Amino acid sequence: SLAAPLSARELLQTLQRGDVKTYQLTLLEGWTFQQALNHLQEQEKLSATLAGLNAQQLSAALALEGLNPEGLFFPDTYQYVYGDSDVTILKRARKLMTEVLDEAWSNRAESLPYNSAYEALIMASIVERESGHASEREDIAGVFVRRLRKGMRLQTDPTVIYGMGVAYDGNLRKKDLRKPTPYNTYVIKGLPPTPIALPGKEAIEATMHPAPGDALYFVAKGDGSHQFSASLEEHNRAVQHYQVKARTSDYRSAPATQKNKE
């Protein structure tokens, strides 16, 4: 490993000689920004310069121009050397997310209910958190797109949980679904104000190319997959079949591992 941080020229020369030891870390799909930041700060060979900064300071350090950092960084495996910092990794992840999102946005399907690539990113983060099986991403995106088009609330549990923050204890109660927050999609119309997690490329692509169909509801089967339904009556039967003890007749989309009770 290197004894001390090097200048760009010295680092290039060292890399060309093959004298430098590289390390790697992975930012996972579905992580929140805080989880990603915590993971970076756990890396012993990486300089943790963002620890303890407030939101305004974080935005300045990462050149976010006041944007909320949630969802702006691409989940991937990153190589680094001794002397690199958490800022270095996050700026690379931010650049990669911008490239992936811009390409997907430019090739998106027609007539999607997003006013911007950022709104699509918000949707992609929800799709990421809702997808237990990769094969269902497009179907889940299709449900949410159709609900937006019809003016229906998204009613997705992961946004509620995100909005609860540290108050979430692993149980999602009926009273939580009724409590207004900017992220409670049982209460608000449309999308929440920011992403709720780091979406991967597959979730972004699914959001830009949702599956066609008429399903407006889905319920977790308990194995990571979902039962999709076109009508509330059909959905209610699916709820009774799969989650009769934990569910009401209201639309729900959270996995069965999340308990819902009074």
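Going by the structure above, here's the rest.
What you see is a predicted model; the values in this text were computed from it and never measured.

Rules and cut-offs
Just so you know, the residues in each chain are numbered from 1, in the order the chain's sequence is written. Per-residue local features are limited, in this predicted model, to residues with pLDDT of at least 70; the limit for side-chain atom pairs, both in listing and counting, is 80 or more; totals at the level of whole chains, interfaces and linings are taken over all residues. Excluding hydrogens and water, the side-chain values take into account all heavy atoms of the structure. Helix axes are fitted only over the stretch in contact, all axes being lines through C-alpha atoms; the angle between N-to-C directions runs from 0 to 180 degrees. Secondary structure follows DSSP: runs of H or I at least 4 residues long count as helices, runs of E at least 2 residues long count as strands, and numbering of each begins at the N terminus. Note that the term roughly parallel is reserved for angles under 35 degrees, roughly antiparallel for angles over 145, roughly perpendicular for angles of 65 to 115, and oblique for everything else. Whether a crossing is left-handed or right-handed is set by the direction in which the near helix is turned from the far one by less than a right angle, anticlockwise for left-handed and clockwise for right-handed. By definition in these notes, contact holds between two residues if any of their heavy atoms fall within 4.5 Å. Side-chain classes are defined by residue name, with Ala, Val, Leu, Ile, Met, Phe, Trp, Tyr, Cys and Pro counting as nonpolar, Asp, Glu, Lys and Arg as charged, and the others, Gly among them, as polar. Definition used for salt bridges: Asp or Glu carboxyl oxygen within 4 Å of a side-chain nitrogen of Lys or Arg. Relative accessible area decides the class of each residue, using a 1.4 Å probe on protein chains only: under 20% of the type maximum gives buried, over 50% gives exposed, and in between gives partly exposed. As used in this structure description, the phrase polar contact means that two N or O atoms lie within 3.5 Å; if the pair is within protein, one of them must be able to donate a hydrogen and the other to accept it, and residues adjacent in sequence are counted only when both atoms belong to side chains.

**Q** Explanation requested: the packing of helix H5 (residues 117-130) against helix H6 (residues 137-150) in the structure shown.
**A** When two helices pack together, their arrangement is given by the angle between the helix axes and the distance between those axes. At their nearest, the axes of H5 and H6 sit 9 Å apart, and the two run at 130 degrees to each other. Considering their axes alone, H5 and H6 lie oblique with respect to each other. Helix-helix and strand crossings are classified by hand; for H5 and H6 the assignment is right-handed. On the side of H5, the interface is formed by Met123, Ile126, Val127, Glu128 and Glu130, while H6 contributes Arg137, Ile140, Ala141, Phe144, Val145 and Leu148. Grouping the amino acids of the contact of H5 with H6 by side-chain chemistry returns eight nonpolar, no polar and three charged.

**Q** Please explain the pattern of salt bridges as it appears in this structure.
**A** When charged atoms on two side chains of opposite charge get close, those side chains can pair. Evaluation of the coordinates by the stated rule reveals three salt bridges. The salt bridge involving Glu99 is made with Lys95; its shortest N-O contact spans 2.6 Å. Pair noted here: Glu99 and Lys95 are both in helix H4 (residues 86-106), with a separation of four residues, about one helical turn. In this structure, the salt-bridge partner of Arg237 is Glu233, at a minimum N-O distance of 3.6 Å. Here Arg237 and its partner Glu233 are both found in helix H10 (residues 232-243), four residues apart, which amounts to about one turn of the helix. Take Arg237: its relative accessible area is 51%, and that puts it in the exposed class.

**Q** What is the right way to look at the environment of Tyr114 in this model?
**A** Locating Tyr114 in the fold gives a position in the loop between H4 and H5. Sequence separation of Tyr114 and Thr207 is 93 residues, and the distance between their C-alpha atoms is 9.9 Å. Discounting residues that sit within four places of it in the chain, Tyr114 has contacts with Trp105, Glu119, Ala120, Met123, Val145, Leu148 and Thr207. Among the polar contacts made by the side chain of Tyr114, one reaches the main-chain carbonyl oxygen of Thr207 at a distance of 2.9 Å.

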